Amino acid sequence: MNNPEDTKLVTLATNTLARSGAAQAAALRDTTGRTYVAINVTSPSLNLDAFEAVLTVALASGITGIESVVATGVKPVNVKAIKDFSATATVFYIDAAGKEEQL
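Residues numbered from 1 in each chain as written. Predicted model: local features only at pLDDT ≥ 70, side-chain atom pairs only at ≥ 80, totals over all residues. Heavy atoms only, no water.

Draft legend 1. Region of interest: the pattern of salt bridges. A complete count under the given rule lists six salt bridges for this structure. For the salt bridge of R29 with E67, the shortest nitrogen-to-oxygen distance reads 2.8 Å. With R29 in strand β1 (residues 24-30) and E67 in strand β5 (residues 66-73), this residue pair connects regions lying 38 residues apart in the sequence. Given a relative accessible area of 34%, E67 falls into the partly exposed group. A salt bridge links D30 to R34, with the nearest nitrogen and oxygen atoms 3.1 Å apart. Residue D30 is classed as buried on the basis of its relative accessible area, which comes to 1%. (Salt bridge = Lys/Arg side-chain N within 4 Å of Asp/Glu carboxyl O. Helix = DSSP H or I, 4+ residues; strand = E, 2+ residues; numbered from the N terminus. Buried < 20%, exposed > 50% of the residue type's maximum accessible area, 1.4 Å probe, protein only.)

Draft legend 2. Quick peek at the environment of N78. Assignment of secondary structure puts N78 in the loop between β5 and α3 (79-85). It is 6.5 Å that separates the C-alpha atoms of N78 and F51, two residues lying 27 residues apart in sequence. When residues no more than four places from it in sequence are discounted, the contact partners of N78 are D49, F51 and E52. Within the structure, N78 has its side chain in polar contact with the side chain of E52 (distance 2.7 Å). (Contact = heavy atoms within 4.5 Å. Polar contact = N/O pair within 3.5 Å; in protein donor to acceptor, adjacent residues only side chain to side chain.)

Draft legend 3. Expanded view of helix α2 (residues 50-60). Turning to α2, its buried residues are A50, F51, A53, V54, L55 and A58. Between the side-chain oxygen at the start of α2 and the backbone nitrogen of F51 there is a gap of 3.0 Å, and the oxygen is on D49. G62 sits one or two residues past α2 and shows a positive phi near 90°.

Draft legend 4. Spatial organisation of the environment of E5. When you line up the elements, E5 lands in helix α1 (residues 4-20). It is 8.9 Å that separates the C-alpha atoms of E5 and S68, two residues lying 63 residues apart in sequence. One polar contact links E5 to K8, side chain to side chain, over a distance of 3.1 Å.

Draft legend 5. The arrangement of the sheet that holds β5 in detail. Ordered by their spatial adjacency, five strands build an open sheet running β2-β1-β5-β6-β7, and the pairing between neighbours is mixed. Every interior strand has two partners, whereas the edge strands, β2 (35-39) and β7 (100-102), have only one. Taking the axes of each pair of neighbouring strands and ignoring which way they run, one obtains an average angle of 20° across the sheet. Where β5 meets strand β6 (residues 90-94), five bridges bridge the pair, whose relative direction is parallel. Counterpart to A71 in the pairing with β6 is Y93. The sheet strands contacting α1 are β1, β2, β5 and β6, and the helix crosses β1 at an angle near 150°. (Pairing = 2+ DSSP bridges. Axes fitted to C-alpha atoms, helices over the stretch in contact; angles between N-to-C directions.)

Draft legend 6. Just the pairing of β1, in detail. Within β1, seven of the seven residues are buried, leaving the element largely enclosed by the surrounding structure. Burial along β1 is two-sided: Q24, A26, L28 and D30 and A25, A27 and R29, pointing in opposite directions, are all buried. Across seven bridges, the pairing between β1 and β5 is antiparallel. Note that in β5 the partner of Q24 across the bridge is G73. Bridge count for β1 against β2 is five bridges, and the pairing is antiparallel. Opposite A25, over in β2, you have I39 as the bridge partner. Connecting β1 to the next strand, β2, in antiparallel fashion are four residues, including G33 with a positive phi near 95°.

Right, dumping it as structure tokens:
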């Protein structure tokens, strides 16, 4: 990861994961530099992976574009939710060992 702003997203996502005890966490930076974090949501009537949840939070704030998203914990499956909104967004997954994978 070459962008220091993406490294900040890693810190936000990993700290959110540790603090929440959730299975997944994601951090998103929009095209204006604002950041958003979310965890996966699992209940009998609602299931969102961390990508879906962070996109929902960001959309509720009125974003018009996404620069980058980082997820940690269990690998979220719905990268399409991010890419459908912003095909040029960089999307990363960081596993428990700290290994980075661009999705």
